[in-house]
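Here are the chains, one letter per residue:
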Amino acid sequence: MTPFIAPEQLMREGGHSSLLRLGANESAFGPSPKAVEAMARELPRISWYGDPESYDVRSALAVRHDCAVENLCVGSGIDDLMGLAVRAFMGAGAVALTTRGTYPTFAYHVTGFGGRLETVQYRADGMVDVDALVARANELRPAIVYLANPDNPSGTLLPPAEVVRLFEALPRQTLLFLDEAYVDFIDERSAFPPLLHGRLLRVRTFSKAYGMAGARIGYLISTPRNVVTFQKIRLHYGVNRNAQIGALAALGDVGFHEHVVKQVAQGRDEYYTLAVSLGTSALRSHTNFVCIDFGNAERATTVMNKLLAHGVFVRKPAAPPLDRYVRVSVGTPEERLEFGTRLRAVLAEVDR
Ligand SMILES: *Cc1c(COP(=O)(O)O)cnc(C)c1O
């Protein structure tokens, strides 16, 4: 099975020459102009390999996270780092545990490396169920528990104390893989405290708030010992040289990051208002996407498919209790207006 059907494939299959691209949580606000400028300037040097140690990026990240360079490993996105974690810490037949319907790539790595994935459900309110994860983890004693916080596809955020509670209640042999792909959209004080621990693998990315998904760059924060393990098995030249240059410049452009975070918050508010104006509601999101409630799974699937037929690329959670939602990424103000218009047209068809 393919983890995701890409918008490019949807365009080929549907005969669309363009799509309103609101399905993959890519940043509508692009990368920092400073990152673009730095990458453009260095493009002729693409004949060189990047620094295999990603030393400059790690040094800048070390300052930012108040840790050592030895606490950081750079990879080609979180998806890459997930695969390394599974390869390093799960033998064949080992068990991993997560929430059913959360971001799926971790599960593909687990299956691909011969492991077994066990799941618990989201709570009815769309929150990750910490009690259920703790209970199941203590039965199964899994090698890894995977948690995305803020979560995708729900957009919900567990308060830091809840993540600490989960971490501390896990069996002694269980690692927590904490996927913080969307953490750059929240106040750092709402994030998990900066704890370095051998059983904690924390990962972040330049794909979302920094608008560099196509560049493929993300990083792990953990203990030097875990970082050494990742460094041993990662692809030596796996990180794109241009991505290293862009990431470094993006980290220096604090003003642009703040601008994006503000724009995204405004976009989320517009989607909440849109949902209410359609007589429904949306999940409170801490990310650059919003889940709109369409009542039941069948209706949500129909809405998604009809949106696609109208040239709007969105996705929806597959598993209950979130399967009655359609997930839409925050677009530019113009894209948001266009989404509202096309959604109204689709609902007029669906409810005819
Ligand atoms: C988008 C996303 C990723 C992928 O991150 P990359 O750094 O682009 O590989 C990982 N986890 C979650 C929860 C995401 O939404």
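Everything quoted here is computed from the prediction, not taken from an experiment.

Overview of the site of the ligand
Near the ligand there are 13 residues, and of these D179, Y182, T205, S207 and K208 occur at the shortest range. For the ligand, the protein covers 94% of the area, taking 390 Å² as the surface of the free molecule. Its residues assigned to classes, the shell around the ligand comprises 5 nonpolar, 4 polar and 4 charged.

Observations concerning the pairing of strand β6 (residues 175-179)
Taken across its 5 residues, β6 has 5 buried, putting it largely inside the fold. Bridge analysis of strand β5 (residues 144-148) against β6 gives 5 bridges, and the strand direction is parallel. Its bridge partner being in β6, A148 is matched across the sheet by D179. Handedness of the crossover joining β5 and β6 through helix α7 (residues 160-169): right-handed.

Topic: the packing of helix α2 (residues 33-42) against helix α9 (residues 241-252)
With their axes 8 Å apart at the nearest point, α2 and α9 run at an angle of 145° to one another. Considering how the two elements wind past one another, α2 and α9 form a crossing that is right-handed. Facing K34, A35, A38, M39 and E42 of α2, the residues of α9 in contact are R241, N242, I245, G246, A249 and A250. Along the lines of polarity and charge, the residues of the contact of α2 with α9 split into 6 nonpolar, 2 polar and 3 charged.

Examining the environment of H310
One can find H310 in the loop between α11 (297-309) and β10 (312-313). Sequence-wise, H310 and L343 are 33 residues apart; in three dimensions their C-alpha atoms are separated by 8.9 Å. Within polar-contact distance, the side chain of H310 engages the side chain of E349 at 3.2 Å.

Thoughts on the domain arrangement of the protein chain
Split into domains, the protein chain comes out as domain 1 (7-30 + 255-351) and domain 2 (33-252). Using C-alpha coordinates to define each centre, domain 1 is positioned 25 Å away from domain 2. Carbon and sulfur atoms supply 65% of the area buried between domain 1 and domain 2, which totals about 2000 Å² over both sides. Interface area lost by domain 1 to domain 2 is led by H257, H286 and L322, which between them contribute 26%. Joining domain 1 to domain 2, the criterion identifies 4 residue pairs in polar contact (both at pLDDT 80 or more). No other element matches the 5 residues that helix α10 (residues 254-277) contributes to the side of domain 1 that touches domain 2. Broken down by class, the residue content of the side of domain 1 that touches domain 2 amounts to 13 nonpolar, 8 polar and 2 charged.

A short note on the sheet that holds strand β3 (residues 95-99)
Taken in spatial order, the 7 strands line up as β2-β8-β7-β6-β5-β3-β4 in an open sheet, and their pairing is mixed. The open sheet has two edge strands, β2 (72-75) and β4 (116-120), and neither has a second partner. For this sheet the average axis-to-axis angle between neighbouring strands, irrespective of direction, equals 20°. Across the sheet, helix α8 (residues 224-233) is in contact with β2, β7 (200-205) and β8 (218-221); its angle to β2 comes to roughly 25°.

Notes on the nonpolar core
V314 and F339 are the most contacted members of the largest nonpolar core, which has 55 residues in total. Here this core gets 7 residues from one element, more than from any other, and that element is α10. Structurally, this core is a two-domain feature, drawing no fewer than three residues from each of domain 1 (7-30 + 255-351) and domain 2 (33-252).

Examining the pairing of β2
Across the two faces of β2 the burial is the same, with L72 and V74 and C73 and G75 all buried. Judged from the 4 bridges that link them, β2 and β8 form a sheet pairing that is antiparallel. Across the sheet, residue C73 finds its bridge partner in β8, namely L220.

Some remarks on the pattern of salt bridges
Following the criterion strictly, the structure yields 23 salt bridges and no others. With its nearest N and O atoms 3.2 Å apart, the salt bridge here joins E118 to R136. In this pair, E118 sits in strand β4 while R136 sits in helix α6 (residues 130-140), placing the two residues 18 residues apart along the sequence. Here E118 falls in the buried class, since its relative accessible area comes to 17%. The exposure class assigned to R136 is partly exposed, which follows from its relative accessible area of 26%. One salt bridge connects E180 with R202, and the closest N-O pair in it is separated by 2.8 Å.

About the criteria used
- Residues numbered from 1 in each chain as written.
- Predicted model: local features only at pLDDT ≥ 70, side-chain atom pairs only at ≥ 80, totals over all residues.
- Heavy atoms only, no water.
- Near = heavy atom within 4 Å.
- Areas by Shrake-Rupley, 256 points an atom, 1.4 Å probe, with all protein chains shown as cover.
- Nonpolar A, V, L, I, M, F, W, Y, C, P; charged D, E, K, R; others polar.
- Buried < 20%, exposed > 50% of the residue type's maximum accessible area, 1.4 Å probe, protein only.
- Helix = DSSP H or I, 4+ residues; strand = E, 2+ residues; numbered from the N terminus.
- Pairing = 2+ DSSP bridges.
- Right-handed = clockwise from strand over helix to strand, strands pointing away.
- Axes fitted to C-alpha atoms, helices over the stretch in contact; angles between N-to-C directions.
- Left-handed = near helix turned anticlockwise from the far one by under 90°.
- Contact = heavy atoms within 4.5 Å.
- Polar contact = N/O pair within 3.5 Å; in protein donor to acceptor, adjacent residues only side chain to side chain.
- Domains from an automatic or database assignment.
- Buried area = accessible area lost by both parts, 1.4 Å probe.
- Core = buried A, V, L, I, M, F, W, Y, C linked by side-chain atoms within 4.5 Å.
- Salt bridge = Lys/Arg side-chain N within 4 Å of Asp/Glu carboxyl O.

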